[in-house]
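# Observations on the model geometry
Each chain, letter by letter, is given below.
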Amino acid sequence: MSRGARILLLLMLLLPGPALLAAEGKTVHKQQSITDRSIEWPAWEDWKRVFLMQDYNTRIVILGTTLLGMSAGMIGSFALLRKRALMGDALSHATLPGIAIAFIIASTLGLNGKSLPILLTGAAISGLLGIAGILLIRNLTRLKEDAALGIVLSVFFGAGIALLSIVQQMQTGHAAGLESFIYGKTASMVASDAWLIGGAGLSCVLIALLLYKELTLLCFDEGFADSRGFPVILLDTILMGLVVVVTIIGLQAVGLILMISLLVIPPAAARFWTEKMFWLTFVAVVLGALSGMIGSGMSAIFPNLPSGAMIVLVATTMFLFSMIFGVPRGILVRKYRRYELNTKVNRQHLLRGLYEYLETHQQLPIDVTENVQPVSLSALEQMRSWSLPALKKIIRRAQDERLVTQLSDNRIQLTLSGLKEAARVVHEHRLWELYLITYAEVASSKVDQDADAIEHVLEPEVIAELEVLLVRQSTEGILQSPHAIDLQQPPVTPTVREAT
Amino acid sequence: MGGLEQWSWTLDGWIIVAGMLCAAATALLGNFLVLRKMSMLGDAITHAVLPGLAAAFLISDSRSSLPMFIGAVIAGILTALFTEWIRGFGKVDEGASMGVVFTSLFALGLVMIVQAADRVDLDPGCVLYGAIELTPADTVLVAGWEIPRVVVVLSIVFVINLLFVILFLKELKLSSFDPALATTTGFNATLIHYALMTLVAITAVASFEAVGNILVVAMFVVPPAAAYMLTDRLGVMLILSVLLAMLSAIIGHISAITVPYWFNFQSTSTAGMMAVSAGLLFVIAALFGPRHGVVIVFLRRQLLAWQILADDIVALMYRIEERDPELRPDALYLRDILFSRPLPTSLTLGYLVRHSQLVHANGTYTLTDTGRDRARQLVRSHRLWEHYLVEHAGMSAETIHRQAEQLEHFTDRELRDRLNADTLDTDQDPHGRPIPPEEHTP
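Residues numbered from 1 in each chain as written. Chains lettered and ligands numbered in written order. Predicted model: local features only at pLDDT ≥ 70, side-chain atom pairs only at ≥ 80, totals over all residues. Heavy atoms only, no water.

What follows concerns the state of the cysteines. Residue and element names in this part refer to chain A. For the coordinates displayed, the defined rule picks out zero disulfides over all chains. Lacking any disulfide linkage, Cys204 is separated from the closest cysteine sulfur, that of Cys219, by 15 Å. For Cys219, a relative accessible area of 11% puts it in the buried group. (Disulfide = S-S within 2.5 Å. Buried < 20%, exposed > 50% of the residue type's maximum accessible area, 1.4 Å probe, protein only.)

Attention now goes to helix 13 (residues 270-288) of chain B. Residue and element names in this part refer to chain B. Its 19 residues give helix 13 an end-to-end C-alpha distance of 27 Å, which sits within 8% of 27 Å, the value for a rise of 1.5 Å per residue. A large share of helix 13 lies buried, amounting to 14 of its 19 residues. Between the side-chain oxygen at the start of helix 13 and the backbone nitrogen of Gly272 there is a gap of 3.0 Å, and the oxygen is on Ser269. (Helix = DSSP H or I, 4+ residues; strand = E, 2+ residues; numbered from the N terminus. Expected span 1.5 Å × (residues − 1). Polar contact = N/O pair within 3.5 Å; in protein donor to acceptor, adjacent residues only side chain to side chain.)

The next subject is the confidence of the model for chain A. All names here are of chain A. Per-residue confidence for chain A gives a mean pLDDT of 77; residues scoring 70 or more make up 78%. Across residues 1-37 the pLDDT falls below 50, and counting only partners more than four positions away or on other chains, this stretch makes 76 contacts in the model. Throughout residues 489-500 the model reports pLDDT below 50, and contacts reaching past four residues in sequence, or to other chains, amount to 24 contacts. (pLDDT = per-residue confidence, 0-100. Contact = heavy atoms within 4.5 Å.)

What follows is about the domain arrangement of chain B. For interface size, the figure often reported is the accessible area lost on association. The domains assigned to chain B are domain 1 (4-217), domain 2 (297-367) and domain 3 (372-423). For domain 1 of chain B versus domain 2 of chain B, the separation of C-alpha centres amounts to 60 Å. (Domains from an automatic or database assignment.)

Residue and element names in this part refer to chain B. Its place among the elements puts His431 in the segment after helix 19 (413-422). Considered as a pair, His431 and His401 are 30 residues apart in the sequence and their alpha carbons are 9.7 Å apart. Those residues in contact with His431 that sit more than four places away from it in its chain are Glu386, Ala397 and Ile400.

Another point: the confidence of the model for chain B. All names here are of chain B. Per-residue confidence for chain B averages 83 on the pLDDT scale, and 93% of its residues sit at or above 70. Averaged pLDDT values for the elements of chain B fall to 46 in helix 6 (residues 124-128) and rise to 93 in helix 13. Below pLDDT 50 for its whole length, residues 122-128 participates in 26 contacts with residues either more than four positions away or in separate chains. Interface confidence for the predicted complex, given as ipTM, is 0.83, next to a pTM of 0.77.

Before going further, it helps to examine the interface of chain A and chain B. The partner chain B presents 68 residues to the 67 residues of chain A that form the contact. Across the chain A to chain B interface the summed buried area is about 5600 Å²; carbon plus sulfur atoms make up 74%. Summed over the shared surface of chain A and chain B, the number is two salt bridges. Between Asp93 of chain B and Lys83 of chain A there is a salt bridge, with its nearest N and O atoms 3.9 Å apart. Linking chain A with chain B are nine residue pairs in polar contact (both at pLDDT 80 or more), by the criterion used here. Elements with a minimum of two residues in the side of chain A that touches chain B: helix 1 (3-14), helix 5 (87-108), helix 6 (116-140), helix 7 (145-167), helix 13 (256-270), helix 15 (307-325) and helix 16 (331-360) of chain A. A per-element tally of the side of chain A that touches chain B places helix 7 of chain A first, with 15 residues. (Buried area = accessible area lost by both parts, 1.4 Å probe. Salt bridge = Lys/Arg side-chain N within 4 Å of Asp/Glu carboxyl O.)

As a further point, take the sheet that holds strand 1 (residues 375-376) of chain A. Residues and elements named next belong to chain A. One open sheet accounts for three strands, arranged 1-3-2; its pairing is antiparallel. Strands at the two margins of the open sheet, each flanked by one partner only, are strand 1 and strand 2 (404-406). Where strand 2 meets strand 3 (residues 411-414), three bridges bridge the pair, whose relative direction is antiparallel. Opposite Thr405, over in strand 3, you have Gln413 as the bridge partner. Running at roughly 90° to strand 3, helix 16 makes contact with strand 1, strand 2 and strand 3 of the sheet. Of the strands in this sheet, strand 2 and strand 3 are in contact with helix 18 (residues 388-400), which crosses strand 2 at around 120°. (Pairing = 2+ DSSP bridges. Axes fitted to C-alpha atoms, helices over the stretch in contact; angles between N-to-C directions.)

Turning to helix 3 (residues 50-60) of chain B, its buried residues are Leu50, Pro51, Gly52, Leu53, Ala54, Ala56 and Phe57 of chain B. In the stretch just after helix 3 of chain B, Asp61 of chain B is the one whose phi turns positive, near 60°.

Structural data, given as structure tokens:
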């Protein structure tokens, strides 16, 4: 029977926190029936106790997990931007052989193999060896980061399992408890654990704050940092050292997998709310703290919910919420922006189509004082590859904005403000075409499509610059088209991609 | 060899066969994970199947293998799907989205298991983390033979994977290296992707149910990575990875039952040692691989560095002769100008003397005729390049020296002739120094 099987079994059954409620001393009177797996709604007393943190143990656990969430959020932000999100995963596995070897050596020398400093030293050494392995594989071979992580993770973990199997056979080896060290015990967290987490976590946060500028530079532009004389390799090692420390203290508190999630999920969620490094770390810290707090709080209220897992699920909920509703990078906002842009593009296409039709049919008065000639729907339909329903929808919307009027006989007439807007759109289109012909050497027969793809997202400043750059043929009025306008062959409409 | 005395073909033989089958099946697919930079997927899937197991248990109310297997595979596929979804829609990078997905699913699984465990003793350990050592204990009858169930299951999985890889090799290759091209050439890269992910999930679940999860995670990545260090061809890489995987299974089991005896312990975890053996094979491949091995690359760079140093020395000697035919430079003088370190310089000088390009007398060096020929060609390359860079690349005369310095070492006769033609047969470089002729004219 492999040791691994047992440990991993323990991981699953021990990790969650029925012990939390044992710690609160309220198991005794609430013996649940075996068949009952409903989550009982807690009494008002329980809510109050948790909310006001009246209970000493609840206080300790909530404090500890909150601090852990904060420091993990901070360090995780850098790790995430450095695309090292799964580094914690690899590292936590890589600590295993170190722990086993430390135990074996200490026991052989007659020391207490389970003493925390010895085991932590072993874990840290083999964690660092793991980092060295990852860096060596990544830098010396043509394998990429992901393969380096996978190799180190699995080989070190295999070695750890093999060594633990030997630890089990040792005469002195009451290795029981070793696995709880490795796989965490949120619920039975005591004050000293909380202090350890708090102390180590805060020092990590402090180091990260001191090196904030350097680490940020490392994450965003390694090459630039290197050329500026920053010790890139040293900074990288420090960052990974911080990940190791946070992972190890977290291992003891919430366990292996759940620790990784604390490093990954809050920063990934924070990414949807901001583009700025400072706010990213800030939001990640807040989300991490909230996950720790709410997760362990919920587990305290509902004794059937394991605390470590609840912390993660709270974090996941926040992640999903951020991913959907986040501003400026959430899905809804991006969808909305895309919709806005598409509407704008469609409107401009309609106006340009109308204008160019009138222009080629010489129905366009240069000085507009009277009503513009109407254009038939079928003539318009031929100009672009739009379907009739889509075209009608676009026209309806333009009508709402009082750019066009739809006449009874399926003809569309530009209003005066519509004509002005159309003239502007056409002018910008031709400016851009001219620019492409003059400076990008695009053939004038092809330039229509190329200009079409970009003209809708041009800023007013760019337009102004273009005006200056291209010495204008005439000082006023609308540019002439640099190519013949073919009203029969619809140019291909490029699909508008998401504006980023 | 302590442990080998208890060797038994019916026990150890089957364990090795199971290990080899598992290793081969996983390594086969692992190649594509490594090439697609998704090496961590195996690890993610083995953790993320937990809610699948729990859900299967809660729904079917039994602990029989089939519902559990289906539940786990579905959860595995969902892991891949969600990862892709969060990466695509959320624009989160691959590693992070994988991290979010598998840890969340794992946590969900834990909560579900705690709920389920209240009712019946659900022991995920025996489903999830099967031990390879128990392989021979559970047998089925196949055509009158008693064969371990694990071996039968893994054989089926291996054959499916093998067929998939053989039948879709072209598609897999194209979609691994260039998904966009794959889609434009008419088949659906996404479809191939999800077929691969499904097989990865099935293989992972079937394997770790049988032999434990360490082996699965290790074999998805390590043998393919080792094979990748040994070859540039996908077909060869596939075969090599399978061979390496099987080899590490054999070495792993043998070392699991022998190595601990050297230290007076009994046998240790076979799966663990298989992972370690795979790791050792990887280290050997990474160090000594014929083209990409760390040692070979290092040696190649050293040789190049020495060749360049030798080039620099003779070229420098030529320039010194050009300015002042009477000057007889010694090693220290050369080093001062070249900024080179003592040991490589004296070794290179020795080499040049032995190949009669330099003559060493009274601590000073002079060029021989062969040395002078080589040097003249180098200086000619250098000055032709300088000329070319000024004329055609629009660089200023102050900045060209360094560029020419790099190019001169890789310029052969043919290239020199073309440069010469491009620079209109001029005989002066931009600094006003003469460009030496190609052939020596006495």
